[in-house]
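Residue-level structure breakdown
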Amino acid sequence: MQQPSKMNEEELVEYFRTQMRTDPDMASAVAAIRTLLEFLRRDKGETILGLRESLKWATDCLTEVDSSVAVSSGGELFLRFISLTSLEHQDLSRCKKVMEERGELFLEKISLSRTKVAKLCHTFIKDGAKILTHSSSRVVLRVLEKAAAEKKRFTVYVTESQPDTAGKQMADALRRINVPVTVVLDAAVGYVLEKVDLVIVGAEGVVESGGIINKIGTYQMAVCSKAHNKPFYVVAESFKFVRLYPLNQQDVPDRFKYKADTLRTVSDLSDEHPMIDYTPPSLITLLFTDLGVLTPSAVSDELIKLYL
Amino acid sequence: MPGADKEADLTERIEAFLADLKRGGCGTGPIRGSGETARETTALLRKVTAQARWSSAGDLMEIIRKEGRRMTAAQPSETTVGNMVLRVLKIIREEYARSRGSSEETDQQESLHKLLTSGGLSEENFRQHFVHLKANVIEAINELLTELDGTTDNIAMQALEHIHSNEVIMTVGRSRTVEAFLKDAARKRKFHVIVAECAPFCQGHEMATNLSKASIETTVIADAAIFAVMSRVNKVIIGTQTVLANGGLRAVNGTHTVALAARHHSTPLIVCAPMFKLSPQFPNEEDTFHKFVSPHEVLPFTEGEILSKVNVHCPVFDYVPPELITLFISNIGGNAPSYIYRLMSELYHPEDHDL
């Protein structure tokens, strides 16, 4: 029986792109982990160190395609997963088998994480609530779908979120489930906040301090909601936790701020518009994750438990 | 038959407790303090463990959950009942894990680590039978009862670290914990206490009487004077009915006013709350959060003419957000509000949070 050959860069990228295409609902981190698992299956390495090296190389290839924080955190999590498993079994072939089994199980569990988050969060949406959200987040959409399914009546304001007007996609998805939705300009956040009861956003990455990295405009929304005393809730799955500790906007690495193509082609990044920003934990009320409802101070605890 | 008698006795006690819960906790002050409620609940749960028929830990947890649901339904605002049920459930899980020989801590909480390393979607179903489980659980519940007995003393012991001579302390309404706290400090230090009377139930009056009997200089002020007096206050020490999972409080009405006034003057706000008041609820469920009692305290029925033209409300509780609180003093020491999540994960198991 012929073993499938080791994946090279093109196959890797192609596999990743196919994953994202076949299931548009899948988080990019999950697609990355799936790709890395397939890479692991086909890897021909003889040593665990060699395996780690090739996985690092594979993660770098993927970040060249999609430079978001989520892919990077997915890759790091997978590497951590390999290290933890390899500590238990010294023999490589046994190790690989255990890794493959556990990898499948891990993927199964995290496919349920959005449902868990929605279950926790929808009770915070009261009947008659007005919700503000930013850009398009599949987790927030799932939460709102669950609240609508529980027969709660609410209206949603979505920012159109330039430069890719992702907010319009969110609005279309909400109209399909018969939720009254209004698209507002990014600049209208302060104007709209007095009408709103709560703000819910997704996150591309949750950093060690308990802050989040999300589409540009989130920080603005957080500052405004603090000024208006409105609760600012973040919904994110646990695989988005990332080992960064930015203290301000400049601390966020450039490789996350701009799209992969921009990083490759442009030489002077100071002229480019960043795609993400950092929201510090002092502006966040609560984080809803599949590990439970967390206050921002509890996030670093979770990360320590993983990386100890 | 002795067996049937014991069963009847147990159900009778539970019914009496439920009736008491439904009646008690009215606006003029609870007929029983929350410490006594906690003790009664734990004693009842111990009796249930001892007398009910169960063969495995899973059955016992089901029975306790059922009784717990009935008790919390009788008086939803009395959260200590639910908290004690959760503590007992955690005790059962721990004793079961210990009997099985597996290490307790790693199996407990959901974490990223657990997601990555667990071998399978194996659900712990608590079906195994252990001979000594009953005795172990009852012993652990007895330990819990001893802990409950000592809570007020443990909190009062820390008083000398926080209260210094010639300080002016403000408090609101009446809290047995704060009373013991202040009395303990008064043995060695001289300080002045200002009590806000906390209308319309005016429990502050009773607090002031008790404090002055312990030779503490006390002043009673009206609620409207809280902000005016706050500039001369060094510390605010209050009790609470419940500590919520985000570090916020559900306390007697008027507490939010005191907290905001203290924040404005940068006065530290210290909350004395024993661990059994810590509840895994968040302040979002508006329906069960507030409790309203008869408004005749606010506007008596003798004012008949006005009554037909106005709506009168008499809420019992206030929500105080965690940003306004400086320190929590509990029987296990002092903690910041941002640390509450950690204490909660040590006391309760996440799967039990919705009874």
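Basis of the calculations
- Residues numbered from 1 in each chain as written.
- Chains lettered and ligands numbered in written order.
- Predicted model: local features only at pLDDT ≥ 70, side-chain atom pairs only at ≥ 80, totals over all residues.
- Heavy atoms only, no water.
- UniProt positions renumbered as here; feature names shortened; annotations may be inferred.
- Helix = DSSP H or I, 4+ residues; strand = E, 2+ residues; numbered from the N terminus.
- Buried < 20%, exposed > 50% of the residue type's maximum accessible area, 1.4 Å probe, protein only.
- Contact = heavy atoms within 4.5 Å.
- Areas by Shrake-Rupley, 256 points an atom, 1.4 Å probe, with all protein chains shown as cover.
- Lys, Arg positive; Asp, Glu negative; His and termini not counted.
- Charge placed at Lys NZ, Arg CZ, Asp CG, Glu CD.
- Pairing = 2+ DSSP bridges.
- Right-handed = clockwise from strand over helix to strand, strands pointing away.
- Salt bridge = Lys/Arg side-chain N within 4 Å of Asp/Glu carboxyl O.
- Axes fitted to C-alpha atoms, helices over the stretch in contact; angles between N-to-C directions.
- Disulfide = S-S within 2.5 Å.

An unreviewed UniProt entry annotates chain B as Translation initiation factor eIF2B subunit beta of Oncorhynchus tshawytscha. Recorded in UniProt under Sequence similarities (unreviewed entry), the annotation for chain B is "Belongs to the eIF-2B alpha/beta/delta subunits family." For chain B, the Subcellular location (unreviewed entry) comment in UniProt is given as "Cytoplasm, Cytosol".

As recorded in an unreviewed UniProt entry, chain A goes by the name Translation initiation factor eIF2B subunit alpha, listed as coming from Oncorhynchus tshawytscha. As stated in UniProt under Subcellular location (unreviewed entry), the record for chain A gives "Cytoplasm, Cytosol".

A word on the overall build of chain A. A count of helical and extended segments in chain A gives 13 helices and 10 strands. Its C-alpha atoms give chain A principal-axis dimensions of about 65 × 45 × 35 Å. A total of 308 residues make up chain A; the buried ones form 55% of that total. Long-range contacts, defined as pairs at least 24 residues apart, comprise 75% of the intrachain contacts of chain A with a sequence gap of at least 6. On chain A, roughly 14,000 Å² of surface is accessible, and the fraction owed to carbon and sulfur atoms is 51%. Between the mean site of the 40 positive side-chain charges and the mean site of the 42 negative ones, chain A shows a separation of 6 Å.

With that settled, the discussion passes to the pairing of strand 1 (residues 168-172) of chain B. Walk down a regular strand and you will see the side chains alternate between the two sheet faces. Residue and element names in this part refer to chain B. Burial analysis of strand 1 places 5 of its 5 residues in the buried class, the great majority of the element. What you see with strand 1 is no split at all: Val168, Met170 and Val172 on one side and Ile169 and Thr171 on the other are buried throughout. Bridge count for strand 1 against strand 2 (residues 192-196) is 5 bridges, and the pairing is parallel. Pairing of Thr171 across the sheet is with Val195, part of strand 2. Between strand 1 and its parallel partner strand 2, the chain crosses via helix 9 (residues 176-186), and the hand of that crossover is right-handed. Bridging between strand 1 and strand 4 (residues 235-238) involves 2 bridges; their strand directions are parallel. Along strand 4, the bridge assignment pairs Ile169 with Lys235.

Scanning the entire structure with this criterion turns up 31 salt bridges over all chains. In this structure, Asp301 of chain A engages Arg342 of chain B in a salt bridge whose closest nitrogen and oxygen atoms are separated by 3.4 Å. Of this pair, Asp301 of chain A sits in helix 13 (residues 296-307) while Arg342 of chain B sits in helix 15 (residues 340-347), placing the two residues on different chains. Where Arg70 of chain B meets Glu15 of chain B, a salt bridge forms, and the shortest distance between an N and an O atom there is 2.5 Å. Taken together, the residues span a long stretch of sequence, with Arg70 of chain B in helix 3 (residues 57-74) and Glu15 of chain B in helix 1 (residues 2-23) at a distance of 55 residues. On the accessibility criterion, Arg70 of chain B (34% relative accessible area) is partly exposed.

Turning our eyes to something else, we now look at the sheet that holds strand 3 (residues 217-221) of chain B. Residue and element names in this part refer to chain B. Pairing is mixed across the open sheet formed by 7 strands, whose spatial order is 3-2-1-4-7-9-10. Where the open sheet ends on each side, the last strands, each with one partner, are strand 3 and strand 10 (333-335). Strand after strand, the sheet turns through a mean of 25° between neighbouring axes, direction not considered. Direction of pairing for strand 4 relative to strand 7 (residues 269-272): parallel, over a ladder of 3 bridges. If you follow Val236 over to strand 7, its bridge partner there is Leu269. Its contacts with the sheet put helix 10 (residues 204-213) on strand 1, strand 2 and strand 3, and the angle it makes with strand 2 is roughly 160°.

This next bit is on the sheet that holds strand 10 (residues 292-294) of chain A. Residues and elements named next belong to chain A. Spatially, the 7 strands line up as an open sheet ordered 3-2-1-4-7-9-10, and their pairing is mixed. Only two strands of the sheet have a single neighbouring strand rather than two, namely strand 3 (181-184) and strand 10. Here the strands of the sheet are splayed against their neighbours by 25° on average, with no regard to which way each runs. Here strand 4 (residues 198-201) pairs with strand 7 (residues 232-235) via 3 bridges, running parallel. Looking at the pairing, Val201 lines up with Val234 of strand 7. The strands that helix 6 (residues 113-121) touches are strand 4, strand 7, strand 9 (286-289) and strand 10; relative to strand 9, the one it contacts most, it runs at about 140°.

Next up on the list: the state of the cysteines. Think of a disulfide as a covalent bridge from one cysteine sulfur atom to another cysteine sulfur atom. Residues and elements named next belong to chain B. What the rule picks out here adds up to 0 disulfides over all chains. Cysteine Cys202 remains unbridged, with the sulfur of Cys198 as its closest cysteine sulfur at 7.9 Å. A residue is classified by how much of its surface remains accessible, and Cys202, at 23% relative accessible area, is partly exposed. Of all cysteine sulfurs in the structure, the one in Cys198 sits closest to Cys272, which takes part in no disulfide; the separation is 16 Å. The exposure class of Cys272 is buried, given its relative accessible area of 0%.

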